[in-house]
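Next come the chains, spelled out residue by residue.
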Amino acid sequence: MKLRKKRRWELPESQVTSRSDWEKRPRSGLYTRRRMLAASGAGLALSSGCGLSVEGLELGQVDTADTPYSGWFPVERNEDYQVPERSLTNPISATTYNNYYEFSTNKTAVSQLVGDFEIEPWTIEVSGLCNNGGTFGVEDLFTLFDMEERIYRFRCVEAWAMTVPWSGFPLHRLLEYVDPTADATHVSFVSANDPVVMPGVDQRPSYPWPYHEGLRMDEAMNELTLMVGGLFGEPIPRQNGAPLRLIVPWKYGYKSIKSIVRIELTASQPETFWSTLVPDEYPFESNVDPSVPHPRWSQATERLIPGSEEVETLLYNGYEPEVGHLY
Ligand SMILES: Nc1nc2c(c(=O)[nH]1)N[C@H]1C(S)=C(S)[C@@H](COP(=O)(O)O)O[C@H]1N2
Ligand SMILES: [Mo]
């Protein structure tokens, strides 16, 4: 049951994005099809790897009708944000090697499990210490704030990294819109949490669900801090945090919370999912820093997915000029 062919995107030479790779990536429609087949009793054969698998996908099998928000993307690229020393990560890798514990702790399983996760309609409640909070539809946010595409480095604490184009708007625009009061010092974020469609939640009942994260106000207001609704010029896939997630590129990946449903402005440092679970390993600040090893991973280098190429980790993930003054 565990047998599977080596997938094309695990080969190092596939690291540079090509349009044809991107067109063959798994789409929501695939999951719909898998759900239907699973319901009809064929699911076991499919997940065994000997039946339908991603590398065996014919484009004709992909139903692309199920892609909400596609009318909003692509958006214009902001050339100020580039990563000249690295190639873009293969989009198939970026969308099939995921950390999203609500679905699974198995990175390559997440994209197979998200099909029942409804992302439209979607609202985000912004509340707490602000004068103009409220509940915003995702498309209201896409309308209110100009969106742009930026290529960022992305660094997980597990010492793997990718380089991808995210599309969205800087969080500070939303914060300015809701008008924080003078006593707001921090911002907290909460993810969707629906155990009916997220199998990972009940598999780990002792975890402090829903996933939640936080930033200091000055970090949240930094120009780099992005609310992201798109990836590779298309709506961000569910497994990467659709319909709207945070990207904080100078911090370890777990700060970049997915599928946000609530944002709250607070007068004290909020708790976070990972620092509640393992306080010594996941401090609130969690800036990328090659000189501070994690108890289980040296942080001096990082592996560029999907291959085994190792590069040196940069202080603040290479964003020292933009954020060094904060620390
Ligand atoms: N809600 C939620 N957000 C999350 C996570 C998660 O498990 N749940 N994992 C985090 C971690 S550890 C990483 S490295 C990134 C992974 O994002 P990606 O799958 O788009 O690469 O999402 C972060 N955001
Ligand atoms: Mo991570």
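Data block above holds the structure.
Residues numbered from 1 in each chain as written. Chains lettered and ligands numbered in written order. Predicted model: local features only at pLDDT ≥ 70, side-chain atom pairs only at ≥ 80, totals over all residues. Heavy atoms only, no water.

I'd love a proper account of the pairing of strand β11 (residues 301-304), names of residues and values included.
Burial along β11 is one-sided: Glu302 and Leu304 are buried, and none of Thr301 and Arg303, which face the opposite way, are. Judged from the two bridges that link them, strand β4 (residues 160-170) and β11 form a sheet pairing that is parallel. Looking across to β11, one finds that Ala161 is bridged to Leu304. Of the strand pairs in this sheet, β11 and strand β12 (residues 310-312) are connected by three bridges, and their pairing is antiparallel. Residue pairing across strands places Glu302 opposite Val311, the latter belonging to β12. As consecutive antiparallel partners, β11 and β12 are separated by five residues. (Buried < 20%, exposed > 50% of the residue type's maximum accessible area, 1.4 Å probe, protein only. Helix = DSSP H or I, 4+ residues; strand = E, 2+ residues; numbered from the N terminus. Pairing = 2+ DSSP bridges.)

Outline the side chain of Arg86, supporting the account with residue identities and numerical values.
As for its position among the elements, Arg86 is in the loop between α3 (43-47) and α4 (91-94). Taking the relative accessible area as the measure of exposure, Arg86 reaches 12% and is therefore buried. In terms of polar contacts, Arg86 uses its side chain to reach the side chain of Glu302, at 2.9 Å. (Polar contact = N/O pair within 3.5 Å; in protein donor to acceptor, adjacent residues only side chain to side chain.)

So what's going on with the packing of aromatic side chains? Residues and values would help.
As enumerated under the stated definition, the model contains 25 aromatic pairs in all. Centre to centre, the rings of Tyr207 and Trp274 are 6.3 Å apart; their planes meet at 65 degrees, and the pair counts as edge-to-face. Remark: Trp274 occurs in helix α10 (residues 273-277) and Tyr207 occurs in the loop between α8 (199-203) and β6 (212-216); sequence separation between them is 67 residues. On the basis of relative accessibility, which here comes to 17%, the residue Tyr207 falls in the buried class. Of note, Arg153 hangs over the ring of Tyr319, and the distance from its end group to the ring centre comes to 5.1 Å. (Phe/Tyr/Trp six-rings, centres within 6.5 Å; stacked < 30°, edge-to-face > 60°. Lys NZ or Arg CZ within 6 Å of the ring centre and 35° of its normal.)

How would you explain helix α7 (residues 171-178) if you had to name every residue and give the values?
The complete set of buried residues in α7 reads Leu171, His172, Leu174, Leu175 and Val178. Considered in projection along α7, the buried side chains sweep an arc of 160 degrees and stay on one side of the axis. With its phi angle positive at about 60 degrees, Asp179 sits one or two positions after the end of α7. (Arc of directions from axis to C-beta.)

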